[in-house]
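# Reading the structure
Chain by chain, the residues:
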Amino acid sequence: FNLVWPIKPSLLLGKGSDLYSCLCMWLYFSALWGHAAPQCPASCHCTWDTGTVLCSDAELRAIPEGIPPETVSLHLERNYIREIPESAFSHLVQLRDLYLSHNRIDSLATGALRHLGPELRMLDLSHNHLRHASREEFGSTRAKTRLYHNPWHCDCALQELMETLNLEPETVNGIICESLGEHTGQSLVKLLDSGVNFCSLQRKTTDIAMLVTMFVWFFMVIVYVVYYVRQNQAEARRHMEYLKSLPSPRKTPTETDTLSTGF
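It should be emphasised that the depicted structure is a prediction, and the values quoted were computed from it without experimental measurement. (Residues numbered from 1 in each chain as written. Predicted model: local features only at pLDDT ≥ 70, side-chain atom pairs only at ≥ 80, totals over all residues. Heavy atoms only, no water.)

Next up on the list: the UniProt feature "domain: LRRNT" (unreviewed entry) in the chain. Those places that UniProt annotates as "domain: LRRNT" (unreviewed entry) correspond, in this numbering, to residues 39-73. Segment residues 39-73 splits into 0% helix and 20% strand. End C-alpha atoms: 16 Å apart. (UniProt positions renumbered as here; feature names shortened; annotations may be inferred. Helix = DSSP H or I, 4+ residues; strand = E, 2+ residues; numbered from the N terminus.)

As structure tokens, then:
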């Protein structure tokens, strides 16, 4: 037995125990490292040393889940994303660049971009389907913003947003009014520079609507009063005709004699 198995079983058992302990420790630290290591979202490529997450051309239909909180630059261009939920980027406190161009975004949840930190320096929403936007969606971000190539409906809310955002100068003329009657197809910035004020137009429209509403209400009151008076007059005439149609009371013989004799 010693010739075939020259190593003593006790020594083998001791070495096997050490080997088993090392294997367990390796598995434990591997699992711990795998749990602690940041995970990259599916269909994305992450570069950890630069904090870049590339999700471009990934056929995404929504903002991917599991974006690492250490992300500095997030690329979501050329996908099929339609909306941005309110809490989509709330955990990305170190984000500096957010690229969302060439998607199908047509709506922003209230405060959708409000959670982006003060470190944000680039926000690209160009080449989407946005028609309406206001300051509530963007919050207080001071990032350089791209909004061109969207079918904008120019109104007071968009005008106020334009005055608030830090728009990229070389792309600002690409913000075109697509649904505003005589101003369709014109640059919003050029319209504002020419003296067009959508907020005053909106106030005038509101005032006219209020006047029309008051006139309609006053007209309805007059019609009701006239109807009420005529209805009462008709009722009064019917009542008088009814009284006239009643037979007069007959006089008794005693009453006739008294009247004729004067007693």
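Once the charged atoms of two side chains with opposite charge are near each other, the side chains can pair. One pass over the structure, following the stated rule, counts six salt bridges. With a closest N to O distance of 3.1 Å, D97 and R121 form a salt bridge. Taken together, the positions of D97 in strand β5 (residues 97-99) and R121 in the loop between β6 (107-108) and β7 (122-124) put the pair 24 residues apart, joining distant regions of the chain. Given the relative accessible area of 9%, D97 is considered buried. You can call R121 partly exposed: its relative accessible area is 48%. Residue R146 pairs with E168 through a salt bridge whose shortest N-O separation is 2.9 Å. Remark: E168 occurs in the loop between β9 (166-167) and α4 (188-193) and R146 occurs in strand β8 (residues 144-146); sequence separation between them is 22 residues. Look at the salt bridges and you will find they share partners, linking D124, R146 and E168 into a network. (Salt bridge = Lys/Arg side-chain N within 4 Å of Asp/Glu carboxyl O. Buried < 20%, exposed > 50% of the residue type's maximum accessible area, 1.4 Å probe, protein only.)

Engagement of the side chain of R146 in a polar contact is seen with the side chain of D124, the distance being 3.1 Å. Apart from residues lying up to four places away in sequence, R146 is in contact with Y99, M122, L123, D124, L125, S126, E168 and T171. (Polar contact = N/O pair within 3.5 Å; in protein donor to acceptor, adjacent residues only side chain to side chain. Contact = heavy atoms within 4.5 Å.)

Tallying each qualifying case throughout the model produces four disulfides. Shown here is the disulfide that connects C40 with C46, its sulfur atoms set 2.0 Å apart. Looking down the S-S bond of the C40 and C46 bridge, the torsion is 85°, so its handedness is right-handed. On the basis of relative accessible area, C46 is assigned to the buried category, the value being 11%. Here C44 connects covalently by a disulfide to C55, the sulfurs 2.0 Å from one another. Its S-S torsion of about 110° marks the bond between C44 and C55 as right-handed, since a negative value means left-handed. Taken together, the residues C44 in the loop between α1 (9-36) and β1 (45-47) and C55 in the loop between β2 (52-54) and β3 (73-75) connect sequence positions 11 residues apart. By relative accessible area, C55 is classed as buried at 0%. (Disulfide = S-S within 2.5 Å.)

As a further point, take the sheet that holds β2. Strand order in the open sheet formed by seven strands is β1-β2-β3-β5-β7-β8-β9, and the pairing between neighbours is mixed. Both outer strands of the open sheet, β1 and β9, are each paired with one neighbouring strand and no more. Relative to β8, β7 is paired through three bridges, and the arrangement is parallel. Bridged to L123 within β8 is T145. (Pairing = 2+ DSSP bridges.)

Counted by the stated rule, this structure contains zero aromatic pairs. Stacked on the ring of Y80, the Lys or Arg R61 has its end atom at 5.2 Å from the ring centre. (Phe/Tyr/Trp six-rings, centres within 6.5 Å; stacked < 30°, edge-to-face > 60°. Lys NZ or Arg CZ within 6 Å of the ring centre and 35° of its normal.)

We now examine the nonpolar core. Judged by nonpolar contacts, the single largest core of 46 residues is most densely connected at F89, L125 and F138. Taken together, the elements giving at least two residues each to this core come down to α3 (156-164) and α4. (Core = buried A, V, L, I, M, F, W, Y, C linked by side-chain atoms within 4.5 Å.)

So, on to unusual backbone geometry. With a phi close to 55°, E59 is a non-glycine residue in the positive phi region. Topologically, E59 is positioned in the loop between β2 and β3. A positive phi angle, close to 55°, is found at H127, a residue other than glycine. Relative to the helices and strands, H127 is located in the loop between β7 and α2 (135-138).

Here we come to the environment of Y148. If you trace the backbone, Y148 turns up in the loop between β8 and α3. The buried category is assigned to Y148, whose relative accessible area is 18%. Between the alpha carbons of Y148 and G174 there is a distance of 4.6 Å; along the sequence they are 26 residues apart. With near-sequence residues (within four places) excluded, Y148 lies in contact with S126, H127, T171, G174 and I175.

So, about the confidence of the model for the chain. Of all residues in the chain, 71% have pLDDT values of 70 or greater, and the mean over the chain is 80. A low-confidence stretch, residues 1-13 (pLDDT under 50), is modelled with two contacts involving residues beyond four sequence positions or located in other chains. Throughout residues 30-36 the model reports pLDDT below 50, and contacts reaching past four residues in sequence, or to other chains, amount to one contact. (pLDDT = per-residue confidence, 0-100.)

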